[in-house]
Amino acid sequence: MIDFIKIKITDETLINEVWNNNILVYEGKSEKRFDDEIKELVTKSYKNLYFTKYQNRLEIKGSIHCYFNDEPHNANDFYISDCIDTIIEIKTIFSLDLNKCYLINLEYGVNINPNILVSDLILNIIYHEKRPFNRPKNFDYKIAGNEAYKQIKAYDKSVQFPNHCNNTFRFEVKTKQAKFIHSLGLFTLQNLTDMNYYNALINSLLNEWENILLFDKSKTIDDKFFNTNFWEDILKNGNRNKFNNQKKTYYNKLGAENLHTKIKRQIERKAQLLKSVQIPTTINLETAQYRISL
């Protein structure tokens with residue numbers, strides 16, 4: 001469920017113990033301006049994690065999903081139990097006090113296999129709250145949100161990693177400030193070793209999907225609801241509540257069994273599956289369980 005993490009350590013003793021671990025590989029130096037003064041930063045790495053030493057802190061960042069896979073892909077399911085085991089492994093290797101490893105940024109989400117082409121699904125994801133989705137990259141990928149606070153990502157994981165998955169949709173929250181993580185009750189890596197804290201991430205993911213405007217063109221309703229100009233005009237000329245009211249009207253017209261609701265159900269079920277203990281099998285459990293219900 002969790003992919004990218006970024007943490008900081010400010011305890012000087014712990015910084016030195018981690019930094020002087022012989023397992024770290026030197027990556028290089030860089031310069032950054034702090035208060036009109038240029039400071040030198042040094043970066044080391046271990047597997048998919050990067051350790052950067054600042055004047056007053058040590059930052060560690062990277063995909064713990066890729067770390068777990070021991071290869072640069074995150075196309076498979078990353079069970080919460082695997083995530084916890086990975087954090088504990090990193091703790092052991094670097095003698096970390098997890099209560100002193102403060103969370104700065106997180107990326108968390110799920111992979112699902114919808115009953116429609118993921119490329120079509122992404123094409124019809126239009127808004128998150130009142131912010132339009134944009135395509136900043138070449139493969140099927142969209143992102144929306146406040147770049148300084150939180151972003152919502154929707155993309156085709158099977159285009160990114162075609163050798164590892166097929167028609168796989170990734171829905172993900174990318175935090176940009178610790179303030180948002182704190183609002184979920186998460187403060188340190190220690191929190192991420194407790195299964196109970198992941199409920200907040202699951203609820204957050206579902207809430208963010210609830211804020212998505214998704215065109216469901218399989219339904220026969222007034223064409224205006226599938227016109228981006230209609231929604232842009234509401235944002236430009238309507239009052240502050242008109243957009244949300246029209247979105248409720250739109251989903252009511254689609255009926256209970258609309259595409260947005262079906263995808264939400266898949267996200268919820270996959271998240272609950274990831275809370276369970278992984279059972280080694282060659283059967284695609286998600287496909288077997290979820291496609292029946294759609």
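What this report covers is the structure whose coordinates are included nearby. Just so you know, the residues in each chain are numbered from 1, in the order the chain's sequence is written. Restriction of local features to residues with pLDDT of at least 70 applies here, the model being predicted, together with a cutoff of 80 or more for giving and counting side-chain atom pairs; totals for whole chains, interfaces and linings are based on all residues. To get the side-chain values, take all heavy atoms of the structure and skip hydrogens and water.

Quick look at unusual backbone geometry now. In this structure, Ser95 takes a positive phi of about 50 degrees despite not being glycine. Considering the arrangement of structural elements, one finds Ser95 in the loop between α3 (80-94) and β6 (102-112). Exposure classes here rest on a 1.4 Å probe applied to the protein chains alone. A residue is buried below 20% of its type maximum, exposed above 50%, and partly exposed in between. A relative accessible area of 41% places Ser95 in the partly exposed class. Only DSSP runs of H or I with at least four residues qualify as helices, and only runs of E with at least two residues qualify as strands; both kinds are numbered from the N terminus onward.

The periodicity of an α-helix, 3.6 residues per turn, causes residues three or four positions apart to be oriented the same way. An ideal rise of 1.5 Å per residue puts 24 Å on 17 residues; helix α10 (residues 259-275) measures up with 25 Å between its terminal C-alpha atoms. Leu259, His260, Ile263, Arg265, Gln266, Ile267, Lys270, Ala271, Leu273 and Leu274 are the residues of α10 that are buried. N-capping of α10 is provided by Asn258, with a side-chain oxygen placed 3.0 Å from the backbone N of His260. The span expected for a helix works out to 1.5 Å for each residue beyond the first. Polar contacts, as used here, are pairs of N or O atoms within 3.5 Å; protein pairs need one atom able to donate a hydrogen and one able to accept it. Residues neighboring in sequence count only if both atoms are side-chain atoms.

Note on definitions: angles span 0 to 180 degrees between N-to-C directions of axes, and those axes are lines fitted to C-alpha atoms, for helices only across the stretch in contact. At a minimum axis separation of 10 Å, helix α7 (residues 198-210) and α10 run at an interaxial angle of 170 degrees. For the element pair α7 / α10, the angle class is roughly antiparallel. Residues Asn199, Ile202, Leu205, Leu206, Trp209 and Glu210 of α7 lie in contact with α10, whose contacting residues are His260, Ile263, Lys264, Ile267, Glu268, Ala271, Gln272 and Lys275. Under the convention adopted here, Pro, Cys and the residues Ala, Val, Leu, Ile, Met, Phe, Trp and Tyr are nonpolar, Asp, Glu, Lys and Arg are charged, and Gly plus all remaining residues are polar. Grouping the amino acids of the contact of α7 with α10 by side-chain chemistry returns 7 nonpolar, 3 polar and 4 charged. An angle below 35 degrees is treated as roughly parallel, one above 145 as roughly antiparallel, one from 65 to 115 as roughly perpendicular, and anything else as oblique. Only heavy atoms enter the contact rule, under which two residues are in contact if any of them lie within 4.5 Å.

In a structure, side chains of opposite charge can pair up when their charged atoms sit close to one another. When a carboxyl oxygen of Asp or Glu is within 4 Å of a side-chain nitrogen of Lys or Arg, the pair counts as a salt bridge. One pass over the full model with this rule turns up 14 salt bridges. For Lys270, the salt bridge identified is with Asp77, shortest N-O distance 3.1 Å. In this pair, Lys270 sits in helix α10 while Asp77 sits in the loop between α2 (64-69) and α3, placing the two residues 193 residues apart along the sequence. For Lys270, a relative accessible area of 0% gives the class buried. The partner of Lys150 in a salt bridge is Glu208, and the shortest N-O contact between them spans 2.8 Å. Here Glu208 lies in helix α7 and Lys150 lies in strand β10 (residues 150-156), a separation of 58 residues in the sequence. Assessed through its relative accessible area of 12%, Lys150 is described here as buried.

A strand pair is defined by DSSP finding two or more bridges across the two strands. The sheet built from 3 strands is open, its strands ordered β8-β7-β12 with antiparallel pairing. In the strand order of this sheet, the two ends are held by β8 (131-132) and β12 (212-214), each with one partner. Bridge count for strand β7 (residues 125-128) against β12 is 3 bridges, and the pairing is antiparallel. What sits directly across from Ile125, in β12, is Leu214. Sheet contacts for α7: β7 and β12; angle to β12, the most-contacted strand, approximately 50 degrees.

Functional significance is not addressed by these values, which are geometric in nature.
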